[in-house]
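Coordinates in review
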Amino acid sequence: MSEAKARRSDLRYRIGLNLRAVKGRSYPRIVGANREPSWIFFEAFLPLLGIAAYVFVYQFFGGQALAAITTKTTAAPWGMCGHDPCANAAAQAAAAAAVGANTNALVASVVLGGTMVAFWLNVLWSMASQLYWEKEIGNLQLYMMAPMNRMALLGGMAVGGMVMTSMRAISTLVAGVLVFGVIFQVASPLMLLAVFFATLIALYGLGMMFASLYLLWGREAWNLSALMEEPIFFSSGFYFPLGGLLRIPGWGPAIAIAGSFIPASLGLDALRQLTLGSTAFGSNFWIFDVTTELEILVGMAVLFLILARYCLAYLETLAKREGKLTSRHQ
Amino acid sequence: MSYAVETRDLTRIFAGKKKRRRKAEEEVDESVGPVTALDNVSLKIEEGELFGMLGPNGAGKTTLIKILATLLLPTSGQALVAGHDVTKDPFPIRQVINMVSGGETSGYGLLTARENIWMFSQFYGVPSKVSKGRIDELMHIFGLWDKRNAKVRMLSTGQRQKMNMIRGFVTDPDILFLDEPTLGLDVNAARVIREYVTNWVRGQKGKTVLLTTHYMAEADQMCDRIAIIDKGKILACDTPENLKRMIRTETTFRLEVDAIRDLTTFSTMQGVKNFSHKDDIAKNRSFLTFILEDEGPVAEILSTITLQGKKVHSLQKSEPTLEDVFISMVGRGFE
């Protein structure tokens, strides 16, 4: 027994062990979750309906604005450019183009937000509350008894969740583009990928941190997850550019700042700038520039991963002391 | 002598809970006091031993296994597994152990049986090729080969438990904790598991099994040594033969009688060391087991029963079993 132990405790063994653990735990999410074709209906088609509601509202407002511009009256022979009559045909054409661009930018913002909703819901229901569910079905004690690092377990859940949700998010994005005719202009694909992955890592890092907390809170965690759906959709600007809130005096900036602690907020803001151009919405609705947002996201990713590591270690010890790791059968 | 498992004055106390329940239209807070699940348990299990823990539900068997499997911290005392302290040094322990519990519902329903076992093997760093080879071999042995590609949610309880057993063996542990592994299984499935576990320990050097069960015959048939545990205390620890020899000077009688309610007379009867009873409500019968110092009180027992107007359907003098040992020690059976 002692020889075998000595052979198995070197660094190479530990790295191999934890990589295998990540692979093993991500497997059910990547392979298992796609075995049920019903996901196409529930996780691609239904979210599209949610997106459609916002898109139609924005398109209606865009249509109204365009009608005001193109309607010629004696007082405004070139239509209305905002509150004033357009000066000439060129001003009218420019105003109509701006309305068209803004409508496209709003619809594109909704489609992007809709794809990010998939990740946020995955973080809430399949990361944060996952350890609690693992305990309920009896898996948790088997995980905690295994020699792998606990972060490898969470890492596997996160990698699996990212891959699985990316497939769903891409299908929503493609359907959104095809159905609503959204036009994206990606100027810097590398930056876009960097922001996307930094957002996902920060988001899933937050989920990993929540996972350990939920382990102790048990069933109450369910309510917390439900609480963090709609309010976060709003405060993180899933369906509108978050910078818009900053222009509302009083409560607007407070909500926007609070929402920015969820990595999806800044991530979405940066992704919108990178896919719509930073001049979209007259450059009025962005929180920070893309580079600053990327730096904050990287900082959040590192912070959340470190906090997740310490939370899990502390709460595992606490749970073992209180007998909560295995309470299902006790 | 190296020990696979060693505990010294191991104690585990679960904190009390406040329970809220409705009583006569009122919400009432009830405190459930601390529960001593293990009370100064000292135990040594040698490497290569198939060691049994025998005790009724709530005796502390599962708590002990969970402490040894590094899932629960002891309140006081020390537990060493493979020479390492479960509290201070769990990593080397986790490399050499595995655990299978009866009635386990672990795994993911969308994965196949084979995939599920493979997934768990990855948490122990078993290379996929090795793991898949072992899984196929074990699936043949446990008669699960036909179900290898069936989704877990489609498996029966017995098939699922066989899958769990394979999960326990696929990592090739040195020490295996089996917590009521045959619970709820049919005779054949239980036999396959018992045979494999016994051969696994006997056929290889350095493999140790700690088996908890409340099936007497299972413990008697499989184990090298057995500890009898009740209310968190080890009452006796020896080979099955020696345990039974402890009460061989006593006499065991089993009676099947009409359902009997008044048992108080027996507890004060001269010569009755201990007794237990089980009721079969459907048949309206009671089954009594008496541990007697000698055959003297038999006549008095029979007259007490008949005086209550009850009929004696059978009376049998028998060789002591492990259950008799338990009854002799604690004054009640397992059920």
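Source: prediction; values computed, not measured. (Residues numbered from 1 in each chain as written. Chains lettered and ligands numbered in written order. Predicted model: local features only at pLDDT ≥ 70, side-chain atom pairs only at ≥ 80, totals over all residues.)

Quick look at the overall build of chain B
- A tally of regular secondary structure across chain B gives 11 helices and 16 strands.
- Counting the 335 residues in chain B, one finds 43% classified as buried.
- Pairs at least 24 apart in sequence give 72% of the contacts found in chain B among residues at least 6 apart. (Helix = DSSP H or I, 4+ residues; strand = E, 2+ residues; numbered from the N terminus. Buried ≥ 20, exposed ≤ 12 C-beta atoms within 10 Å, placed from the backbone. Contact = placed C-beta atoms within 7 Å.)

Considering the overall build of chain A
- A tally of regular secondary structure across chain A gives 14 helices and two strands.
- With respect to the principal axes defined by its C-alpha atoms, chain A has extents near 95 × 40 × 35 Å.
- Out of the 330 residues in chain A, the part that is buried amounts to 45%.
- Taking contacts inside chain A between residues at least 6 apart in sequence as the whole, the part at least 24 apart equals 80%.

Thoughts on the nonpolar core
- Ranked by size, the top nonpolar core spans 170 residues in total, and within it Leu68(B) and Ile166(B) carry the most contacts.
- Take this core: its biggest share by element is 16 residues, from helix α4 (residues 89–128) of chain A.
- Residues lining this core come from more than one domain, with at least three contributed by each of domain 1 (3–16 + 34–240) and domain 2 (249–319) of chain B.
- Contacts of Leu68(B), omitting those with residues within four sequence positions, involve Val5(B), Ala79(B), Val81(B), Val86(B) and Phe177(B). (Core = buried A, V, L, I, M, F, W, Y, C linked by C-beta atoms within 7 Å. Domains from an automatic or database assignment.)

Description of the interface of chain B and chain A
- On the side of chain A, 35 residues touch chain B, which itself brings 32 residues to the contact.
- Of all the elements in the fold, those that place two or more residues in the side of chain B that touches chain A are α1 (61–68), α2 (90–96), β8 (97–101) and α3 (113–122) of chain B.
- Ranked by residue count, the leading element in the side of chain B that touches chain A is α2(B), at five residues.
- Considered class by class, the residues forming the side of chain B that touches chain A number 18 nonpolar, nine polar and five charged. (Nonpolar A, V, L, I, M, F, W, Y, C, P; charged D, E, K, R; others polar.)

Structural notes on the packing of α4(A) against helix α13 (residues 263–276) of chain A
Residue and element names in this part refer to chain A.
- Orientation of α4 relative to α13, taken along the N-to-C sense of each, is 140°, at an axis distance of 10 Å. Taken together, the axis directions place α4 and α13 in an arrangement best described as oblique. Two packed elements cross with a definite hand, and for α4 against α13 that hand is right-handed. Mapping the contact onto sequence places Ala105, Ala108, Ser109, Leu112, Gly113, Met116, Phe119 and Trp120 in α4 and Ala264, Leu268, Leu271, Arg272, Thr275 and Leu276 in α13. (Axes fitted to C-alpha atoms, helices over the stretch in contact; angles between N-to-C directions. Parallel < 35°, antiparallel > 145°, perpendicular 65-115°, else oblique. Left-handed = near helix turned anticlockwise from the far one by under 90°.)

Side note on the sheet that holds strand β13 (residues 251–258) of chain B
All names here are of chain B.
- The sheet built from four strands is open, its strands ordered β14-β15-β13-β16 with antiparallel pairing. Lying at the two open borders of the sheet, with one neighbouring strand each, are β14 (272–280) and β16 (312–318). Across this sheet, the average inter-strand angle for adjacent strands is 15°, counted without regard to direction.
- Two elements, β13 and strand β15 (residues 285–292), share eight bridges in a ladder whose sense is antiparallel. Residue pairing in the sheet places leucine 255 in a bridge with leucine 288 of β15.
- Across the sheet, helix α11 (residues 322–330) lies against β13, β14 and β15, angled at about 75° from β15, the strand it touches most. (Pairing = 2+ DSSP bridges.)

Here's the deal with the pairing of strand β12 (residues 233–238) of chain B
All names here are of chain B.
- When strand β11 (residues 225–230) meets β12, the two strands line up antiparallel, connected through five bridges. Looking at the pairing, alanine 227 lines up with cysteine 237 of β12.
- A loop of two residues connects β11 with β12, the two strands running antiparallel in sequence, and lysine 231 in this loop sits at a positive phi of about 50°.

Thoughts on the domain arrangement of chain B
- Taken as a whole, chain B is organised into domain 1 (3–16 + 34–240) and domain 2 (249–319).
- Put simply, the middle of domain 1 of chain B and the middle of domain 2 of chain B, counted by C-alpha atoms, are 37 Å apart.

Re α4(A)
- Between its first and last C-alpha atoms α4(A) spans 56 Å; for 40 residues at 1.5 Å apiece the expected length is 58 Å, and the two agree.
- Along α4(A), the sharpest kink reaches roughly 30°, centred on Asn122(A). (Expected span 1.5 Å × (residues − 1). Bend = angle between axes of the 7 residues up to and from the residue.)

So, the sheet that holds strand β6 (residues 76–81) of chain B
All names here are of chain B.
- One open sheet accounts for four strands, arranged β4-β1-β6-β7; its pairing is antiparallel. Edge positions in the sheet fall to β4 (35–46) and β7 (84–85), since each has one partner strand and no second.
- Pairing geometry for strand β1 (residues 3–14) and β4, over eight bridges, is antiparallel. Among the inter-strand pairings, tyrosine 3 is bridged to a residue of β4, identified as glutamate 46.

Comments concerning the packing of helix α3 (residues 38–70) of chain A against helix α7 (residues 150–180) of chain A
All names here are of chain A.
- Running from amino to carboxyl end, α3 crosses α7 at an angle of 45°, the nearest separation of the two axes being 10 Å. The pairing of α3 with α7 is recorded here as oblique in orientation. The two elements α3 and α7 cross, and the hand of that crossing is right-handed. Across the interface between the two elements, Trp39, Glu43, Ala44, Pro47, Leu48, Ile51 and Val55 from α3 touch Arg168, Ser171, Thr172, Ala175, Gly176 and Phe180 from α7.

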